[in-house]
Amino acid sequence: MDIGSALLPMGIIPALLILYVTLGGYEGKFKEHYIFLTFIGGIAMGTLVYFMEIWVLSIFNYDVFLQAIDIVLIVSLAFSFFESLSKLVVLNLPKFQEEEGIILYGSALGLGFASPAGVVLMRGIPSLLSMQGLYAVMISISVLLISCSTGMWIGVGIKIQKKAKYLAIASLAGLFIWPPIFFSASVYAASLAIIYSLFIYLYTRNAVMPYMMGRKALKDAYRQKWLRKF
């Protein structure tokens, strides 16, 4: 798969569509230039991180690696934590900490971060116009949705000064998208990834809404048992 020709259909275009949906209803609660900066910065950072992860994977005998489920889960958690930590480092910059829209900047950062994921991690797919190409697209969209969600959770953690807790939540949410990436040739893996990522994304959008609607809405939301779990 040619990285240049696949970046738009597998990464940037779907990422922008998801970002448009995510920002809907929050007009006036974010600065457009910060959305742009975090998205572009996410692309650069994500490309570097994914190539580093590919280098780590090159250490393993891949066929043997896929047969060791415990090792797959450990590597998945390590990668997810590293990615979430990278997003935290950016969102924790002083210019973002006091921003009302930090959760939305987290979504933009996460989507930019995951934009190169499909073409970098699945660069061995010969063509998008194949079953393997379809699975690759499904996995790529799943990664975008998860990365958007984890970016929002990290933004919440910074906003309410519970960074470690929400870093852990983001890392656990991102953990379960890696096994489908490793087994991406399977229709079952791709289907499970889409179902899981859609659930996490929709749940996250609903759960973070009170944090975007002002102090009174947040205070009322804390009275609800479903939110107090987080």
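Refer to the structure presented above.
This is a predicted model, so every value here is computed, not measured.

Colleague: Got a minute to help me understand empty space enclosed by the protein in this structure?
Modeller: Rolling a probe over the atoms, with the probe sized like a water molecule, indicates the empty space that remains. Summed over all chains, the structure comprises two cavities of 30 Å³ or more. Its volume calculated, the largest cavity comes out at about 110 Å³. Around the largest cavity, the lining comprises 15 residues; the ones closest to its centre are Glu83, Lys87, Ile146, Gly174 and Ile177. Contributing elements (two or more residues each) for the lining of the largest cavity: helix 4 (69-91), helix 8 (131-159), helix 9 (163-175) and helix 10 (178-182). Looking at side-chain class alone, the lining of the largest cavity contains eight nonpolar, five polar and two charged residues. Of the volumes computed, that of the second largest cavity is approximately 40 Å³. As for the second largest cavity, its lining consists of Thr22, Tyr26, Leu104, Met152, Arg205, Val208, Met209 and Met212. Per-element tally for the lining of the second largest cavity: the top contributor is helix 11 (residues 187-212), with four residues. Of the residues contributing to the lining of the second largest cavity, the split by class is six nonpolar, one polar and one charged.

Colleague: In this structure, what is going on with a nonpolar patch on the surface? I would like to understand it.
Modeller: Together, Trp55, Ile59, Phe60, Ile71 and Ile74 give the surface a local cluster of nonpolar side chains, amounting to about 530 Å² of exposed area. Looking at where phenylalanine 60 falls in the secondary structure, it is placed in the loop between helix 2 (32-57) and helix 3 (62-67).

Colleague: Explain the packing of aromatic side chains here, please?
Modeller: Here the distance between the centres and the angle between the planes together describe a pair of aromatic rings. A full pass over the atoms with the stated rule returns nine aromatic pairs. Measuring from centroid to centroid gives 4.9 Å for phenylalanine 79 and tryptophan 178, while their planes differ by 65°, and the two rings are edge-to-face. With phenylalanine 79 in helix 4 and tryptophan 178 in helix 10, this pair connects stretches of sequence that are 99 residues apart. One exposure class covers both phenylalanine 79 and tryptophan 178, and it is buried.

Colleague: I tried to follow the packing of helix 8 against helix 9 on my own but got confused; where do I start?
Modeller: To characterise two packed helices, one gives the angle between the axes of the helices and the distance between these axes. In the contact formed by helix 8 and helix 9, the axes pass within 8 Å of each other and the chain directions differ by 170°. Looking at the two axes, helix 8 sits roughly antiparallel to helix 9. Contact residues: Ile146, Thr150, Trp153, Ile154, Val156, Gly157 and Ile158 in helix 8; Lys163, Tyr166, Ile169, Ala170, Ala173 and Gly174 in helix 9. The class makeup of the residues in the contact of helix 8 with helix 9 is nine nonpolar, three polar and one charged.

Colleague: Hey, could you run me through the packing of helix 4 against helix 9 in this one?
Modeller: Across the interface, helix 4 lies against helix 9 with an axial gap of 8 Å and an inter-helix angle of 135°. On the basis of the axis angle, helix 4 is oblique to helix 9. The chirality of how helix 4 crosses helix 9 is right-handed. Contacts from Leu73, Ser76, Leu77, Ser80, Phe81, Ser84, Leu85 and Leu88 of helix 4 reach helix 9 at Lys163, Leu167, Ala170, Ser171, Leu172, Gly174 and Leu175.

Colleague: In this structure, what is going on with the nonpolar core? I would like to understand it.
Modeller: One recurring pattern in soluble globular proteins: nonpolar side chains tend to sit buried together. Judged by nonpolar contacts, the single largest core of 64 residues is most densely connected at Ile35, Ile103, Leu111, Val143 and Phe182. In terms of residue count, helix 8 provides more of this core than any other element does, 13 residues in total. Not counting residues up to four positions away in its chain, the partners in contact with valine 143 are Tyr50, Ala114, Ala117, Ile177 and Ile181.

What counts and what doesn't
- Residues numbered from 1 in each chain as written.
- Predicted model: local features only at pLDDT ≥ 70, side-chain atom pairs only at ≥ 80, totals over all residues.
- Heavy atoms only, no water.
- 1 Å grid on protein atoms, 1.4 Å probe; cavity = no way out; pocket = protein on both sides within 12 Å on 5 of 7 lines; lining within 4 Å.
- Points joined across faces, edges and corners; volume = space filled by probe spheres on them.
- Helix = DSSP H or I, 4+ residues; strand = E, 2+ residues; numbered from the N terminus.
- Nonpolar A, V, L, I, M, F, W, Y, C, P; charged D, E, K, R; others polar.
- Patch = residues over 30% accessible without salt bridge, like charges linked within 9 Å, V, L, I, M, F, W, Y side chains within 5 Å.
- Areas by Shrake-Rupley, 256 points an atom, 1.4 Å probe, with all protein chains shown as cover.
- Salt bridge = Lys/Arg side-chain N within 4 Å of Asp/Glu carboxyl O.
- Phe/Tyr/Trp six-rings, centres within 6.5 Å; stacked < 30°, edge-to-face > 60°.
- Buried < 20%, exposed > 50% of the residue type's maximum accessible area, 1.4 Å probe, protein only.
- Axes fitted to C-alpha atoms, helices over the stretch in contact; angles between N-to-C directions.
- Parallel < 35°, antiparallel > 145°, perpendicular 65-115°, else oblique.
- Contact = heavy atoms within 4.5 Å.
- Left-handed = near helix turned anticlockwise from the far one by under 90°.
- Core = buried A, V, L, I, M, F, W, Y, C linked by side-chain atoms within 4.5 Å.

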